[in-house]
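# Understanding the architecture of this molecule
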Amino acid sequence: MFLGVDVLANRLIKYVVRRAVGLPADDLELQRIVGSSRYIIMRKAVGEVASTIVTEKNGHLRCGICLRGPFTRKGLYLHLIRVHGNEILSMIEEKYREISKVYKDNVWY
């Protein structure tokens, strides 16, 4: 059965948010979501986006996009998915394009 683009995008958003808030996120799961051909570049893109969407202030987790908080890990997870899901997907797509362009320019054939 073929998974639709929306389902894959939703799984990718949830993976990135789990990684950002410190919940379990396995690299094999990322590879299953994006495929082995995109995995290396997507791993870098996901890491960079995950590091920007969560901030910590005085030991409390806050949203790195709208600066709301403080949140528990699960509360921030839910906030990011429900409120900023589309923004996070756009950030991932933009970062993927940026990294893949640099990677393509630096690879010799």
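Just so it is clear, the model here is predicted, and its values are computed rather than measured.

## Quick word on the side chain of Lys-95
As for its position among the elements, Lys-95 is in helix H4 (residues 73–106). Contacts of Lys-95, omitting those with residues within four sequence positions, involve Ala-45, Glu-48 and Val-49.

## So, the pairing of strand S2 (residues 60–63)
Burial along S2 is one-sided: Leu-61 and Cys-63 are buried, while His-60 and Arg-62, pointing the other way, are not. Here strand S1 (residues 54–57) runs beside S2; their pairing, made up of 4 bridges, is antiparallel. Considered in S2, the bridge of Val-54 is made with Cys-63. Counted between consecutive antiparallel strands, the loop separating S1 from S2 contains 2 residues, among which Asn-58 sits at a positive phi close to 55 degrees.

## Some thoughts on unusual backbone geometry
Here the residue pair Gly-69 and Pro-70 is connected by a cis peptide bond, since its omega of 5 degrees sits within 30 degrees of zero. Non-glycine residue Asn-58 carries a positive phi angle of around 55 degrees. Since its relative accessible area comes to 69%, Asn-58 is described here as exposed. The backbone phi angle of Leu-67 is positive, close to 65 degrees, even though this residue is not glycine. Structurally, the position occupied by Leu-67 is in the loop between S2 and H4.

## Here we look at the layout of surface pockets
By volume, the largest pocket is sized at about 390 Å³. Every residue lining the largest pocket is counted, 13 residues in all, and those nearest its centre are Leu-12, Arg-38, Met-42, Leu-89 and Glu-93. Those elements giving two or more residues to the lining of the largest pocket turn out to be helix H1 (5–21), helix H2 (27–34) and H4. By residue number, the principal contributor to the lining of the largest pocket is H4, which donates 5 residues. Of the residues in the lining of the largest pocket, the class split is 10 nonpolar, no polar and 3 charged.

## A look at the pattern of salt bridges
Going through the model one piece at a time under the given rule, you end up with 4 salt bridges. Here Lys-95 ties to Glu-48 by a salt bridge, and the two come within 3.1 Å at their closest N and O atoms. Placement of Lys-95 in helix H4 and of Glu-48 in helix H3 (residues 39–52) is noted, with a sequence separation of 47 residues between them. The structure contains a network of salt bridges with shared partners spanning Glu-48, Lys-95 and Glu-98.

## Some remarks on the state of the cysteines
Cysteine pairs can be covalently joined through their sulfur atoms, and such a bond is termed a disulfide. Overall, the coordinates contain 0 disulfides when judged by the stated rule. Left without a disulfide partner, Cys-63 is nearest to the cysteine sulfur of Cys-66, which lies 3.7 Å away. Looking at Cys-63, the relative accessible area reads 0%, which means it is buried. You can call Cys-66 partly exposed: its relative accessible area is 31%.

Definitions and limits used
- Residues numbered from 1 in each chain as written.
- Predicted model: local features only at pLDDT ≥ 70, side-chain atom pairs only at ≥ 80, totals over all residues.
- Heavy atoms only, no water.
- Helix = DSSP H or I, 4+ residues; strand = E, 2+ residues; numbered from the N terminus.
- Contact = heavy atoms within 4.5 Å.
- Buried < 20%, exposed > 50% of the residue type's maximum accessible area, 1.4 Å probe, protein only.
- Pairing = 2+ DSSP bridges.
- 1 Å grid on protein atoms, 1.4 Å probe; cavity = no way out; pocket = protein on both sides within 12 Å on 5 of 7 lines; lining within 4 Å.
- Points joined across faces, edges and corners; volume = space filled by probe spheres on them.
- Nonpolar A, V, L, I, M, F, W, Y, C, P; charged D, E, K, R; others polar.
- Salt bridge = Lys/Arg side-chain N within 4 Å of Asp/Glu carboxyl O.
- Disulfide = S-S within 2.5 Å.

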